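Each chain, letter by letter, is given below.
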Amino acid sequence: MSPCNAPHGIRLPFILIGLLSAATAGAAEIHGTLTVAPEFLTENPSSPYYAGSPIIDMPRRGSRQDVELKLQEDGFNAQGILRQQVAEGHSPEYHGIANQFYYDGAMASGLGWTVGKKVVSWGVGFGFKPLDVIQRENRRAVNPPPLVGVPLAAIERFGGRDAWTVAWTRPGQGAGESDDRDSAVALHWYRLVDSDDLHGVLRVSHRRQLEAGVGATRIVGDEWSIYGAALYQGRGPMRPGGSYDGDAIKAVAGAQWTGESGTSVLLEAWDDPDAPLASATPRENLLLRVGYDDRDGFKPYLEWLVTPRDRGIVTTVGAVVDGNRQRWTFGIRQFGGGAESAYAQAPQKRLFWLEWRLAAF
Amino acid sequence: MFRRLLVALLFAAPSAFAADNVSALLKAADAFRLPAESVRVETQVELYRNGVLDKERLYTVYVKPGRRSLVLMKSPSEIGQKVLLLADQFWLLMPESQRPLRITASQKLLGEASTGDIASMTWSEDYDGAVVDEIDCPSPPVGLGDIPLPAKPRPCLHLDLAQARSGVTYARVELYLEKTSRAPVKADLYVGSGKRAKEAWYGLKPVDGQLRVMTMVLQDDIQANRRTVIRYRSILPKVAPDEFFNPAALVRNPLTDW
């Protein structure tokens, strides 16, 4: 579970006032959702990275409770969350989060503008999206909370089969301590050519200097999609001490088959210079995902994430069950593989999660 | 000699509907579903399991010529989801990621209420075929309350249709049209493997002095205990701007004024 950003709480009252005003005016669409998401983990004391109590108090049980409100009226959109987070051995924490708060306006037919805090995803890929230069979504997290948008001002142009967006993210904030906190100017270009989706991105920022990438998705027949994307970064990831690696390239390639029975198989490979966990984590990853949709709201899946260089394996089994207004999500993730692999040496061994979500109105 | 001629005429009668006439038949049948080329359709979908209402979904569908449809999910549990269909190409937008995701034709069939059943409202642009028979119109099964039993037998044209383009929801359709009015009565819907996936029954009501299909009941063959009732709450002529049918624009256009 990712920690909440306290400064968002300052802005949340304004969102709530806006939501309530609009609701009483009766002119807006307003929706509310309640989420309860407990998580449990088992430790791996044999891990060299394991430091149990009292050095590091790693809660084995925790839960996130969200009350989420969404409002939309004309071009105005807001999404806010009141969150209670509890963890074993800790006092409950309460946060207000302004996930999104923006206005989409139009200057002319096919020419629009956006100002505010918005989720902006441009990536191609399933487990890894190198073109997500603005919204850095952690797709490999289990049970992630709703995304928090990025403050920006943007202009967008839409044609019949193409589009482009120029965005100034975190305007006036200057260099940030991480990529997603760094002020930048970014461009996204999209074009539909025959049965191919083509994407291009360009980003200029303090930390990475220049980033440029391209991606494409092709549909083959009724059942196959193949895709790939690559991003060049003028500077690689920042190392401890503040130094940077040289230029780097992130890349992903994958294929997905979905049969008329509802079964689907996805195979994806990627190279990520910003590999998570520890510096020992290999950059190269292979993901195999087998899923099923029974067309009645039950969607189980099985995933294997493999790091071929050190033979690490992460196995995930999960399912989503959709009811009329309720959604249940649950699963287990296990870290393992070769004894010397980064995943086998992770301080966590297994993760169990459950999420109950009620769309109240 | 006379008897031979009579028999020959009887057998020749169905095939008298040549390909051009089949196209005209399908256009006439489409007119019972869409009153104009560009429309906004408010749709309520009820999902029954073993005869008991299990789920309810609301959709707003914008249809434009050129096989273009935009489906907006309006139920609280699906709010913000959109599906765009441009001929044989499809995109899905999930509100959590705000990223238009390219999907295949088989993925379009997934979900509780198939997007193809909701967004595809015509046959004439997607199918070719022939009239193979002229029979009494089939009667809906007992207990299909939304489709009343006819007071007396009516003659029906039985059409066997195959997909004329890639990306259509069903590879083959056996369609039954009332002979005199060309109103759709029933359709058997087959997927690419040749298996019958669903049986569709059409319920008509007068709207502004014209008979329109206002209900479609889908009996699922793959999950026999499932029945889907699609109610068209309103079908209004409406021309949404072309820019709304751009995949990249899915992330911004709420279409509240349309």
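Residues numbered from 1 in each chain as written. Chains lettered and ligands numbered in written order. Predicted model: local features only at pLDDT ≥ 70, side-chain atom pairs only at ≥ 80, totals over all residues. Heavy atoms only, no water.

Trainee: How do you make sense of the overall build of chain A when you look at a structure like this?
Mentor: Scanning chain A from N- to C-terminus turns up 1 helix and 18 strands. Of the roughly 16,600 Å² of accessible surface on chain A, 61% is carried by carbon and sulfur atoms. (Helix = DSSP H or I, 4+ residues; strand = E, 2+ residues; numbered from the N terminus. Areas by Shrake-Rupley, 256 points an atom, 1.4 Å probe, with all protein chains shown as cover.)

Trainee: Mind showing me how you'd approach the pairing of strand β4 (residues 82-86) of chain B here?
Mentor: In the case of a regular strand, side chains alternate between the two sheet surfaces. Residues and elements named next belong to chain B. Within β4, 5 of the 5 residues are buried, which leaves the element mostly enclosed by the surrounding structure. The two faces of β4 match: K82, L84 and L86 on one face and V83 and L85 on the other face are all buried. Two strands pair when backbone bridges link them, and β4 and strand β5 (residues 89-94) are joined in this way by 5 bridges, in the antiparallel orientation. Among the inter-strand pairings, L85 is bridged to a residue of β5, identified as F90. Remark: 2 residues form the turn of the hairpin made by β4 and β5, two consecutive strands paired antiparallel; A87 in that turn has positive phi of roughly 55°. (Buried < 20%, exposed > 50% of the residue type's maximum accessible area, 1.4 Å probe, protein only. Pairing = 2+ DSSP bridges.)

Trainee: Is there a simple way to think about the confidence of the model for chain A in this case?
Mentor: Low-pLDDT portions of the prediction should not be read for the details of their coordinates. Looking at chain A, the pLDDT average stands at 87 and 86% of residues meet or exceed 70. The low-confidence segment residues 1-10 of chain A (pLDDT under 50) makes 21 contacts with residues lying over four places distant or belonging to another chain. (pLDDT = per-residue confidence, 0-100. Contact = heavy atoms within 4.5 Å.)

Trainee: For this particular structure, what's the right way to read the interface of chain A and chain B?
Mentor: Across the boundary between the two partners, chain A contributes 56 residues, which contact 44 residues of chain B. A buried area of about 4,000 Å², summed over both sides, lies between chain A and chain B, and 46% of it is on carbon and sulfur atoms. Three residues stand out in chain A for area buried against chain B, namely E260, R295 and D296 of chain A, and they jointly supply 18% of the buried area on that side. Across the salt bridge formed by R102 of chain B and D197 of chain A, the nearest N and O atoms sit 3.2 Å from each other. Between chain A and chain B we count 29 residue pairs in polar contact (both at pLDDT 80 or more) in total. If you tally residues by element for the side of chain A that touches chain B, the top one is strand β5 (residues 111-118) of chain A, at 4 residues. Across the side of chain A that touches chain B, the residue classes break down as 12 nonpolar, 22 polar and 22 charged. (Buried area = accessible area lost by both parts, 1.4 Å probe. Salt bridge = Lys/Arg side-chain N within 4 Å of Asp/Glu carboxyl O. Polar contact = N/O pair within 3.5 Å; in protein donor to acceptor, adjacent residues only side chain to side chain. Nonpolar A, V, L, I, M, F, W, Y, C, P; charged D, E, K, R; others polar.)

Trainee: Before we go on, may I ask you to explain the nonpolar core in this structure?
Mentor: Side chains of a nonpolar character, in soluble globular proteins, are inclined to be buried together. Ranked by size, the top nonpolar core spans 50 residues in total, and within it L159, V173, L175 and Y232 of chain B carry the most contacts. Judged by nonpolar contacts, the second largest core, of 30 residues, contains V133, V142, L266 and L287 of chain A. (Core = buried A, V, L, I, M, F, W, Y, C linked by side-chain atoms within 4.5 Å.)

Trainee: It is not clear to me how the environment of K238 of chain B should be interpreted in this structure. Could you clarify?
Mentor: Residues and elements named next belong to chain B. Its location among the elements puts K238 in the segment after β13 (226-237). Given the relative accessible area of 29%, K238 is considered partly exposed. Along the chain, K238 and V41 lie 197 residues apart, while their C-alpha atoms are 9.2 Å from each other.

Trainee: Would you take a moment to explain the state of the cysteines for this structure?
Mentor: By definition, a disulfide is the covalent link that joins the sulfur atoms of two cysteine residues. All names here are of chain B. Overall, the coordinates contain 1 disulfide over all chains when judged by the stated rule. Two residues, C137 and C156, share a disulfide whose sulfurs are 2.1 Å apart. Since a negative S-S torsion denotes a left-handed disulfide, the C137-C156 link at about 90° is right-handed. Highlighted residues: C137 in the loop between β7 (127-136) and β8 (155-163) and C156 in strand β8, separated in sequence by 19 residues. With relative accessibility at 10%, the residue C137 sits in the buried group. In this structure C156 comes out as buried when scored by relative accessible area, which is 0%. (Disulfide = S-S within 2.5 Å.)

Trainee: What's the story with unusual backbone geometry in this structure? I'm lost.
Mentor: Keep in mind that most residues, glycine aside, have a negative phi and that most peptide bonds are trans. Unusually for a residue other than glycine, R170 of chain A sits at a positive phi of about 45°. Mapped onto the fold, R170 of chain A is located in the loop between β7 (162-169) and β8 (184-193). Of the residues examined, R170 of chain A reaches a relative accessible area of 8% and is grouped as buried. A positive phi is found at A87 of chain B, a non-glycine position, where the angle reads about 55°. Structurally, A87 of chain B is set in the loop between β4 and β5.

Trainee: Just to check I follow, could you spell out the side chain of S69 of chain B for this structure?
Mentor: Residues and elements named next belong to chain B. For S69, the position within the fold is in strand β3 (residues 68-73). Among the polar contacts made by the side chain of S69, one reaches the main-chain carbonyl oxygen of A119 at a distance of 3.2 Å. Excluding residues that lie within four positions of it along the chain, S69 makes contacts with Y62, V63, V83, L84, L85, A119 and F245.

Trainee: I would appreciate a short explanation of the pattern of salt bridges in the present structure.
Mentor: Opposite charge on two side chains lets them pair, provided their charged atoms get close. This structure, assessed with the given rule, holds 42 salt bridges over all chains. Here R67 of chain B makes a salt bridge to D126 of chain B, at a shortest N to O gap of 2.7 Å. Remark: D126 of chain B occurs in the loop between α4 (115-119) and β7 and R67 of chain B occurs in the loop between β2 (52-64) and β3; sequence separation between them is 59 residues. Owing to a relative accessible area of 17%, R67 of chain B belongs among the buried residues under this scheme. Here the residues in one salt-bridge network are D179, R207, R208, K250 and D274 of chain A, joined through shared partners.

Trainee: Looking at this model, I keep getting lost on the pairing of β5 of chain A. Mind explaining?
Mentor: All names here are of chain A. As defined by bridge partners, strand β4 (residues 93-108) adjoins β5 across 7 bridges and the pair is classed as antiparallel. Residue A108 lies in a different strand from β5, and its bridge partner there is L111. Joining the antiparallel neighbours β4 and β5 is a turn of 2 residues, in which G110 adopts a positive phi near 80°. Of the strand pairs in this sheet, β5 and strand β6 (residues 150-158) are connected by 8 bridges, and their pairing is antiparallel. In the sheet register, V115 faces β6, and the bridge partner there is A153.

Trainee: Mind showing me how you'd approach the confidence of the model for chain B here?
Mentor: Counting all residues, the mean pLDDT for chain B is 87, and 89% of those residues have values of 70 or more. Per-element confidence in chain B ranges from a low mean pLDDT of 48 for helix α1 (residues 2-15) of chain B to a high of 97 for strand β9 (residues 172-178) of chain B.

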